Amino acid sequence: MIILGVDPSTSNVGVGVIRLNNNEIELVAMHSLNPRSKDIFERYKSIYGDISNLAEVYKPDYAGIEDQWSGINKQTLIKLSFVTGLTWAGVHTHSDAKIDIIYPTTWRRLALGSGKAKKEDVIEFVTDKFGLKTDKKTLSDPYEAVGIAIAVARRIADKEELTFCPVESPTGRISRDGTNTTRAFSKIE
């Protein structure tokens with residue numbers, strides 16, 4: 001089973017891909033997507049295209065996307081929410097993945113054991129788990145994306161309910177797997 005993790009950003013989108021086999025986790029790939037345009041709408045377009053391509057390449061069964069929290073600047077929250085939506089749309093339209101939107105404290109708790117883990121803790125955890133090398137210039141985004149994917153894997157292994165994002169339907173909200181849901185876009189915390 002392939003799980004894609006995404007740490008949304010307007011400048012460096014982290015992407016981590018893992019494979020789950022009999023509860024064993026294998027690192028498949030890590031990417032840092034760096035849209036270079038100064039125009040935010042061009043960056044959105046680039047992020048959507050890159051995420052769509054990665055969804056087609058890796059064909060994930062599940063995807064985890066970090067949710068945004070409201071403690072940040074309002075304009076930043078709006079931009080990050082657009083990136084989260086574009087990420088969801090790219091994965092949703094280019095794969096059959098079930099998509100989980102997951103709070104930062106939740107995925108950190110599931111992956112590292114503490115919802116208060118810092119970026120440095122995530123980097124150390126991922127490098128230790130997979131025997132990777134880092135330096136002081138290492139960006140945290142792809143490491144956090146791997147952590148998000150691991151959290152989704154742990155939810156699957158523990159048979160926790162995932163918060164799949166449904167698509168809109170004239171008859172109500174319908175999830176990707178075709179089941180009716182009234183818990184649209186709700187979160188597990």
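An account of the accompanying structure is given in this report.

What follows concerns the side chain of Asp7. Within the secondary structure layout, Asp7 lies in strand 1 (residues 2-7). Of the side chains with opposite charge, Lys119 comes closest to the buried, unpaired Asp7, at an N-O distance of 5.0 Å. With sequence-adjacent residues up to four places away left out, Asp7 is seen in contact with Asn12, Val13, Gly14, Glu66, Asp141, Glu144, Ala145 and Ile148.

This paragraph deals with the environment of Leu20. Checked against the element boundaries, Leu20 lands in strand 2 (residues 13-21). Counting along the chain gives 17 residues from Leu20 to Ile3, while the straight-line C-alpha distance between them is 7.5 Å.

Within strand 1, six of the six residues are buried, which leaves it mostly tucked inside the rest of the structure. Burial along strand 1 is two-sided: Ile2, Leu4 and Val6 facing one way and Ile3, Gly5 and Asp7 facing the other are all buried. For strand 1 and strand 2, the ladder comprises six bridges, and the chain directions are antiparallel. The partner of Ile3 across the bridge, within strand 2, is Ile18. Between strand 1 and strand 2, which pair antiparallel and follow one another directly, the connecting turn spans five residues.

The rules behind each value
- Residues numbered from 1 in each chain as written.
- Predicted model: local features only at pLDDT ≥ 70, side-chain atom pairs only at ≥ 80, totals over all residues.
- Heavy atoms only, no water.
- Helix = DSSP H or I, 4+ residues; strand = E, 2+ residues; numbered from the N terminus.
- Buried < 20%, exposed > 50% of the residue type's maximum accessible area, 1.4 Å probe, protein only.
- Lys, Arg positive; Asp, Glu negative; His and termini not counted.
- Salt bridge = Lys/Arg side-chain N within 4 Å of Asp/Glu carboxyl O.
- Contact = heavy atoms within 4.5 Å.
- Pairing = 2+ DSSP bridges.

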